[in-house]
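Residues per chain, in single letters:
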Amino acid sequence: MEVKYNPYDNVLEIMDRAARMLELSENDYVTLKYPERELKVSIPVEMDDGSTRVFEGYRIQHSSSRGPCKGGIRYHQDVDVDEVKALAVWMSLKCAVVNIPYGGAKGAVKVNPKELSKNELKSLTRRYTAMILPLIGPEKDIPAPDVNTNAEIMGWIMDTYSMFKGYSVPGVVTGKPIEIGGSLGRREATGRGVMFMTHEILHRLGLPILGTKIAVQGMGNVGGIAARLLQESGCRILAVSDVSGGIFKKDGLDIKPILKFLAEGNGKLIKDYEAAGILHITNEEVLTADVDVLIPAALENQVNSQIAGRIKAGIIVEGANGPTTVNADRILEAAGKRIVPDILANAGGVVVSYFEWIQNIQFLTWDDEEVNKALEKIIIRAFNEVWDKAKENNTSMRMGAYMVALDRIVKAKKIRGIFP
Ligand code: GLU
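Computed from a prediction, not measured in an experiment: that's the story for all the values here.

For the rest of this paragraph, the subject is the overall build of the chain. A tally of helices and strands in the chain yields 15 helices and 13 strands. On the principal axes, the C-alpha backbone points of the chain span a range of 55 × 55 × 45 Å. Taking all contacts inside the chain whose residues are at least 6 apart in sequence as the whole, residues at least 24 apart take part in 69%. Looking at the chain, you have 52 positive and 53 negative side-chain charges, and the mean spots of the two groups are 2 Å apart.

On to the site of the ligand. Inspection of the region around the ligand gives 14 residues, with Lys70, Lys94, Pro145, Asp146 and Ser353 positioned closest. Lys94 places a polar side-chain atom, nitrogen or oxygen, 2.6 Å from an oxygen atom of the ligand. A distance of 3.1 Å separates an oxygen atom of the ligand from a polar atom in the side chain of Arg186. Here the ligand loses 95% of its free accessible area of 290 Å² to cover by the protein chains. Looking at the shell around the ligand, the elements with two or more residues in it are helix H3 (81-97) and helix H13 (348-362). The leading source of residues in the shell around the ligand is H13, at three residues. Taken together, the residues of the shell around the ligand break down into four nonpolar, five polar and five charged.

Along the chain, Gln217 falls in strand E7 (residues 213-217). Within polar-contact distance, the side chain of Gln217 engages the side chain of Gln302 at 2.9 Å. Aside from chain neighbours lying at most four places away, what touches Gln217 is Ser241, Asn283, Val286, Leu287, Ile295, Pro296, Ala297, Ala298 and Gln302.

It is worth spelling out helix H15 (residues 397-416) at this point. Between its first and last C-alpha, H15 extends 29 Å over 20 residues, near the 28 Å set by a 1.5 Å rise per residue. Burial analysis of H15 places 14 of its 20 residues in the buried class, the great majority of the element. Gly417, located one to two residues past H15, shows a positive phi value of around 80°.

Val317 and Phe355 are the most contacted members of the largest nonpolar core, which has 92 residues in total. For this core, the element with the most residues is H15, which contributes 10 residues. Non-local contacts of Phe355, meaning those with residues more than four positions away in its chain, are made with Trp366, Val371, Ala374, Leu375 and Ile378. Residues Val45, Ile132, Ile153 and Met154 belong to the second largest nonpolar core, which totals 25 residues.

Take empty space enclosed by the protein next. Taken as a whole and assessed by the stated rule, the structure comprises one cavity of 30 Å³ or more. Volume-wise, the largest cavity comes out at about 80 Å³. Asn10, Ile14, Thr324, Arg398 and Tyr402 are, among the 13 residues lining the largest cavity, the residues nearest its centre. Counting only elements with at least two residues in the lining of the largest cavity, the list comes to helix H1 (7-21), helix H11 (326-334) and H15. Its residues assigned to classes, the lining of the largest cavity shows five nonpolar, four polar and four charged.

A separate point is helix H5 (residues 151-165). Relative to the 21 Å expected for 15 residues at 1.5 Å per residue, H5 spans 21 Å between its end C-alpha atoms, a close match to the ideal helical length. Among the residues of H5, Ile153, Met154, Gly155, Trp156, Ile157, Met158, Thr160, Tyr161 and Ser162 are the ones counted as buried. For H5, the secondary structure elements touched by its buried residues are strand E4 (73-75) and helix H4 (118-132). Of the residues that open H5, the one with a side-chain oxygen 3.2 Å from the backbone nitrogen of Glu152 is Asn150. Where H5 terminates, the next one or two residues include Gly166, which has phi positive at roughly 95°.

A separate point is the sheet that holds strand E12 (residues 315-317). Strand order in the open sheet formed by seven strands is E10-E9-E8-E7-E11-E12-E13, with mixed pairing between adjacent strands. Edge positions in the sheet fall to strand E10 (279-281) and strand E13 (338-340), since each of these pairs with one other strand and no more. The average angle at which neighbouring strand axes cross in this sheet is 20°, direction not considered. Direction of pairing for E7 relative to strand E8 (residues 236-242): parallel, over a ladder of five bridges. Counterpart to Ala215 in the pairing with E8 is Ala239.

What follows deals with the packing of aromatic side chains. Taken as a whole, this structure holds seven aromatic pairs when the rule is applied. Here the aromatic rings of Phe383 and Trp387 are separated by 6.0 Å at their centres, their planes lie at 15°, and the arrangement is stacked. Here the residue Phe383 and the residue Trp387 both occupy positions in helix H14 (residues 368-392), the gap between them amounting to four residues, near one helical turn. By the burial criterion, Phe383 is buried, and Trp387 matches it. Linked through ring pairs, Tyr102, Tyr354, Phe355, Trp357 and Trp366 together constitute an aromatic cluster.

Cut-offs and rules
Residues numbered from 1 in each chain as written. Predicted model: local features only at pLDDT ≥ 70, side-chain atom pairs only at ≥ 80, totals over all residues. Heavy atoms only, no water. Helix = DSSP H or I, 4+ residues; strand = E, 2+ residues; numbered from the N terminus. Contact = heavy atoms within 4.5 Å. Lys, Arg positive; Asp, Glu negative; His and termini not counted. Charge placed at Lys NZ, Arg CZ, Asp CG, Glu CD. Near = heavy atom within 4 Å. Polar contact = N/O pair within 3.5 Å; in protein donor to acceptor, adjacent residues only side chain to side chain. Areas by Shrake-Rupley, 256 points an atom, 1.4 Å probe, with all protein chains shown as cover. Nonpolar A, V, L, I, M, F, W, Y, C, P; charged D, E, K, R; others polar. Expected span 1.5 Å × (residues − 1). Buried < 20%, exposed > 50% of the residue type's maximum accessible area, 1.4 Å probe, protein only. Core = buried A, V, L, I, M, F, W, Y, C linked by side-chain atoms within 4.5 Å. 1 Å grid on protein atoms, 1.4 Å probe; cavity = no way out; pocket = protein on both sides within 12 Å on 5 of 7 lines; lining within 4 Å. Points joined across faces, edges and corners; volume = space filled by probe spheres on them. Pairing = 2+ DSSP bridges. Axes fitted to C-alpha atoms, helices over the stretch in contact; angles between N-to-C directions. Phe/Tyr/Trp six-rings, centres within 6.5 Å; stacked < 30°, edge-to-face > 60°.

Interpretation note: all reported values are geometric properties and have no functional meaning in isolation.
Now the structure itself:
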């Protein structure tokens, strides 16, 4: 039986194991078990019908030892404080594993944004920004998109912050529209990183890219783009899903028309998609499909101990943050599955956020070739470091990634010391 899943306990447990393998003393890393700052806010919104609703929001900064805190903002009806804390820790680890000079943070608002009109969503975003204003800024904490947030919402955050300052501050947030300082390549960056990581693990295992069978859970900004780029690189995407269910095609789905269909809006979902040769299947059938690579790119806790034993894919590339529970991870490891862990597999987004921030604070613009090349270099270097660390220590890539990241954070902390 799976005990009630708490993502924060999950991340602390893996961190403890990595610390033991690094032979760290409790003193070296005890501070990392506690986020530096946790801000809970109440966000009143005047709804279109004249009523007032109050939403709960958070901004949690886990660590600033290696640089300004960095991490997205998600809008989801089920978020709670432990989830945001876990997501903030994952951001610290993610930035450290790819070695960009940031700490980690995360924000969230407990809301189903699909139930709000555009005006209500804008008011919510502006008021949330005003409430977390003392914490954020280009030199201290830089939000970005996450689940159910996008470039338009980042634009509202940038504008609200700038109005308080009295001048434009594009570097306060990343993932903005290009017209106001967003970076080319940012929207696709997480999916592109997932593609690079999939290619790299196949390469390391001596497997071909061409014809590789893949299943993708989640058709949002991460899963949708990863599926498209992987198909374009010669892989066959056999199954995909979103919240409404999945679709399957034996000789491979054509991803572009699916994304076009989903982007049409007015609630278009995978369950409504029809094309020749397509079978409608459940989300569970997507996760357990007979493929070479599984990419969970939806929410946390999707690959749990009930599912893990039935996964047929030999390789799992974690597009989402925390998609695998600790128990499921043990089952998968025992079954010899190769897992490219979330903090490495989905780090492409924050790497290009870093490039966006660099451009903003220096008033520069890079072209997309520059962005994609620099992303590839950073993410492949990180893959190699994690691969080597795992090999040296005869452990999984997840543990290798945690070891590389933890070591960097702990070293920075030690050099700086504790104030006062
Ligand atoms: N939300 C993304 C993540 O979980 C991106 C964060 C960022 O770009 O700051 O990695």
